[in-house]
Amino acid sequence: MPVPWFLLSLALGRSPVVFSLERLVEPQDTAYCSPGLSCHLWDGDTLCLPGSIVPVPGPVLVPTHLQTELVLRCHQETDCGICVRVAVHLAVHGHWEEPEDEETLGGAADQELEEPRNASLQAQVVLSFQAYPTTRCVLLEVQVPAALVQPGQSVGSVVFDCFEAALGGEMRIWSYTQPRYQKELNLTQQLPDCRGLEVRNSIQSCWALPWLDVSTYGDDVRLVLNVSEEQRFGLSLYWNQVQGSPKPWWNRNLTGPQTITLNHTDLVPCLCIQVWPLEPDSVRTDICPFKEDPRAHRNLWHAARLRLLSPRSWRLEAPCSLHAEAGLCWQALGGGPCQPLVPLLPWENVTVNEAREFPLLKGHPNLCVQVSSWEKLQLQECFWADSLGPLKDDVLLVETRRPHDSRSLCALEPSGCTSLPSRASTRAAHLGEQLLLDLQSGQCLQLWDDDLGALWACPMDKYIHKRWALVWLACLLFTAVLFLLLLLKKDHVKGWLRLLKQDVRSGATTRGRATLLLYSADDAGFERLVGVLASALCQLPLRVAVDLWSRRELSAQGPLAWFHAQRLQTLQEGGMVVLLFSPGAVALCSEWLQDPAPAPGAHGPHDAFAASLSCVLPDFLQGRAPGRYVGACFDRLLHPDAVPALFRTVPVFSLPSQLPDFLGALQGPCARRPRRLGETVEQVSRALQQALDSCFQTPRAPGPGRTMGPEAGDQT
């Protein structure tokens, strides 16, 4: 069944519809026409010489419309080629000439006129076909009987079978008569490729064609080429620009099958894909699947750029054509939207990659170009900001000229164009008379001049400087008065400064010094004792870090990594690391001093003390421990002399008996006043003594126990 040409355009989409084509078995070209007409195809091709247009002598046949249709011309079942069938619609053009003097000629003239009016019309119609690499012209002779000859009426059509063409190319067809009575008809169309037609098994050139499928994968796009293994083919991505030839972007020779991923930011509406087998005279398949993709249209505007070519010319650069309008606007120094200069300088349509001229006399940093599409602002560029410096605090005066030499002036402001002079409460209105004087004295720069009006840029710096001078004078006067008051109230000022100094010191103390507690988890009772000490130290205040309150982080990072991070942070902040010695801790230290590399996994998963010895020992061995470490042990649990000698290079305190010295060492230079420190010592001492008594009264069972503290609930 023949397929009309307009339906074949459906075959060029992302998911093409497959059509079958009529098959012709005649190897020779033929012609046939509508009922009532007679036609004849001249043998062989004719010269393609349209010639000049000549006057119409009377009614003649002229082509009025061209129509095309694709068919298959087959020499064998699997040896076919695409062929273009062309139908030329004809009509009668012109009228019979009437005699100049009917009375003089009389009956003889009537008899002469009747003979041609009863005769048939004959025309020679030329069809010119061009599609790479073919160029042909054929001549069709058509005869219309006298009964169908009605001036201005269609008489039928003549059909030519057919012009052979290559798939995927562009074809052009012209039609005219010999002699030529009017401008020739022309038609340009894109031939479909093997994807859109049921021809793969009939056309040998489609057998080895790479078949391309476009699909989305998340934010990316995949090009899947379904070809046989080891088949070589070419792939080209290009921008199909309306102006000029296609612009190549990416070309590769590949071996199938292949899957190529494109980033979604690379998609633009005119991005097309061409694929072909690497064989002589192979058919090339083109597809442009992103014409209607919203992401592609957004990316196109992101890729578009405004470029200044010269002081008075610019260009909109983009990979694809755009529907856009451009206009000049004025950008004030204080911010806000750029104000269009309409109606004096209206918006104009813009062609991509085409230079445009500014209708200006001079440039200005505050003049900008805006580009919009469908009434939505897309781009804005202040071209002269680079060459003429940053935005200026100038006001734009708009002069509007009317008939009879009348004119009006207004100042362009964010609220609109303020007439000058005016009583409005705007900056330009307050300075209206001064601005008019500046304009008359030539202090304003003329940017544009036309019969409709003019644009002037007037500086406002001198008026701003006057205002700032008054402000500075008021500030100096206020400073002088304040200085005199301070001299008169010298004693009160000293007392105020003393109070301020105490408040600053109190603020530094409130922040607290960082303190890291390290201990060996001998049993649950000892862990409770450590928890009581840590909670009491938080009230000094000190910022205490202990593994009891960081079990979740300890499990996630590991004991060694957790201790290393805490130790580094504490020492960088000028804090103190406290080593709480117990019988188990002394045993671990002795073990490390004898063998620095104990077997992994020998201690509990939360025992930060065992893991920390590898970092603590180097500080003691290299003499870096004083001022950064202190030691402590609990009364009745361990005597300070039992601590290994290496760790006694720093102070070792017994708690709670030596609690005041221990707290003073932790607080350092930020220690509280003696009275407040004494109250804190009593509270901490009572809490520790109760915990020690409970520790000796309760059987000491190994294993981790619950503790109290600011993060007691965050345990795993």
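These remarks concern the structure in this document. (Residues numbered from 1 in each chain as written. Predicted model: local features only at pLDDT ≥ 70, side-chain atom pairs only at ≥ 80, totals over all residues. Heavy atoms only, no water.)

### Section: the overall build of the protein chain
1) Next: Looking only at helices and strands, one finds 16 helices and 36 strands in the protein chain.
2) Next: Across the 716 residues of the protein chain, 43% fall into the buried class.
3) Next: Residue pairs at least 24 apart in sequence account for 67% of intrachain contacts in the protein chain once pairs closer than 6 positions are excluded.
4) Next: Surface accessibility of the protein chain: about 38900 Å² in total, with carbon and sulfur atoms responsible for 54%. (Helix = DSSP H or I, 4+ residues; strand = E, 2+ residues; numbered from the N terminus. Buried < 20%, exposed > 50% of the residue type's maximum accessible area, 1.4 Å probe, protein only. Contact = heavy atoms within 4.5 Å. Areas by Shrake-Rupley, 256 points an atom, 1.4 Å probe, with all protein chains shown as cover.)

### Some words on the packing of aromatic side chains
1) Next: Summed over all chains, the structure comprises nine aromatic pairs.
2) Next: Between Tyr 519 and Phe 526, the aromatic rings sit 6.4 Å apart at their centres with planes inclined by 45°, giving tilted as the arrangement. Both residues of the pair, Tyr 519 and Phe 526, belong to the buried class.
3) Next: Clustering of aromatic rings is evident, with ring pairs tying together Phe 581, Phe 620, Tyr 629 and Phe 647. (Phe/Tyr/Trp six-rings, centres within 6.5 Å; stacked < 30°, edge-to-face > 60°.)

### A look at the side chain of Ser 654
1) Next: One can find Ser 654 in strand E36 (residues 652–655).
2) Next: With a relative accessible area of 8%, Ser 654 lands in the buried category.
3) Next: In this structure Ser 654 touches Cys 633, Phe 634, Asp 635, Pro 640 and Leu 659, once residues within four positions along its chain are discounted.

### Quick look at the sheet that holds strand E27 (residues 394–402)
1) Next: The strand order across the open sheet formed by five strands is E29-E28-E27-E31-E30, and the pairing between neighbours is antiparallel. Each of the sheet's edge strands pairs with one partner strand only, and the pair in question is strand E29 (416–419) and strand E30 (445–449). Here the average twist between neighbouring strands, direction ignored, is 30°.
2) Next: Pairing analysis gives four bridges linking strand E28 (residues 406–413) to E29, with the strands arranged antiparallel. (Pairing = 2+ DSSP bridges. Axes fitted to C-alpha atoms, helices over the stretch in contact; angles between N-to-C directions.)

### Remarks on the nonpolar core
1) Next: Trp 314, Leu 316, Leu 341, Val 371 and Leu 455 are the most contacted members of the largest nonpolar core, which has 55 residues in total.
2) Next: With sequence-adjacent residues up to four places away left out, Leu 341 is seen in contact with Leu 328, Cys 329, Trp 330, Leu 367, Leu 396, Leu 412 and Leu 455.
3) Next: Judged by nonpolar contacts, the second largest core, of 40 residues, contains Val 84, Leu 121, Val 144 and Val 149. (Core = buried A, V, L, I, M, F, W, Y, C linked by side-chain atoms within 4.5 Å.)

### Things to note about helix H12 (residues 559–572)
1) Next: For H12, spanning 14 residues, the distance from its first C-alpha to its last is 20 Å, which sits close to the expected 20 Å at 1.5 Å a residue.
2) Next: Among all positions in H12, only Pro 559, Trp 562, Phe 563, Gln 566, Arg 567, Thr 570 and Leu 571 are buried. All buried residues of H12 lie within an arc of 145° about the axis, which places them on one face of the element.
3) Next: Within two residues after H12, Gly 574 carries a phi angle of roughly 75°, on the positive side. (Expected span 1.5 Å × (residues − 1). Arc of directions from axis to C-beta.)

### Structural notes on the state of the cysteines
1) Next: Under the defined criterion, the tally for this structure stands at nine disulfides.
2) Next: The disulfide partner of Cys 48 is Cys 137, and the gap between their sulfur atoms is 1.7 Å. Measuring handedness by torsion sign, the sulfur bridge of Cys 48 and Cys 137 sits at about 120° and is right-handed. With Cys 48 in the loop between strand E4 (38–41) and strand E5 (60–76) and Cys 137 in strand E8 (residues 134–144), this residue pair connects regions lying 89 residues apart in the sequence.
3) Next: With a relative accessible area of 36%, Cys 48 lands in the partly exposed category.
4) Next: Covalently, Cys 410 is tied to Cys 417 through a disulfide, its sulfur atoms 1.9 Å apart. As the torsion about the S-S bond is roughly 75°, the Cys 410-Cys 417 disulfide counts as right-handed.
5) Next: Overall, Cys 417 belongs to the partly exposed group, its relative accessible area being 36%. (Disulfide = S-S within 2.5 Å.)

### Some words on helix H7 (residues 432–440)
1) Next: Among the residues making up H7, those that are buried are Gly 432, Leu 435, Leu 436, Asp 438 and Leu 439. All buried residues of H7 project into a common sector of 160° when viewed along the axis, lining one side. The exposed residues of H7 that point more than 90 degrees off its buried face are Glu 433, Leu 437 and Gln 440.
2) Next: At the exit of H7 stands Gly 442, carrying a positive phi of roughly 80°.

### A closer look at unusual backbone geometry
1) Next: A cis amide bond, omega -15°, links Asp 161 with the succeeding residue Cys 162.
2) Next: Mapped onto the fold, Cys 162 is located in strand E9 (residues 154–164).
3) Next: Here the residue pair Gln 178 and Pro 179 is connected by a cis peptide bond, since its omega of 0° sits within 30 degrees of zero.
4) Next: Unusually for a residue other than glycine, Trp 374 sits at a positive phi of about 50°.
5) Next: Relative to the elements of secondary structure, Trp 374 occurs in the loop between strand E25 (367–373) and strand E26 (376–381).
6) Next: Trp 374 sits in the exposed class, given a relative accessible area of 68%.

### Some remarks on the sheet that holds strand E20 (residues 313–317)
1) Next: The strand order across the open sheet formed by three strands is E19-E20-E24, and the pairing between neighbours is antiparallel. Here the strands that pair on one side only, and so sit at the sheet edges, are strand E19 (305–310) and strand E24 (356–357).
2) Next: Direction of pairing for E19 relative to E20: antiparallel, over a ladder of five bridges. Within E20, the position partnered with Leu 308 by the bridge is Trp 314.

### Focus: the pattern of salt bridges
1) Next: Applying the stated criterion across every chain, the model contains 21 salt bridges.
2) Next: A salt bridge links Asp 45 to Arg 136; the nearest nitrogen and oxygen atoms lie 3.0 Å apart. With Asp 45 in the loop between E4 and E5 and Arg 136 in strand E8, this pair connects stretches of sequence that are 91 residues apart.
3) Next: Look at Arg 136 and you get buried, because its relative accessible area is 17%.
4) Next: Between Arg 636 and Asp 693 there is a salt bridge, with its nearest N and O atoms 2.9 Å apart. Within this pair, whereas Arg 636 is found in the loop between strand E35 (629–634) and E36, its partner Asp 693 is found in helix H16 (residues 674–697), the two being separated by 57 residues in sequence.
5) Next: Note on Asp 693: relative accessible area 29%, which makes it partly exposed.
6) Next: One network of salt bridges, with partners in common, ties together Asp 29, Asp 45, Arg 73, Arg 136 and Glu 164. (Salt bridge = Lys/Arg side-chain N within 4 Å of Asp/Glu carboxyl O.)

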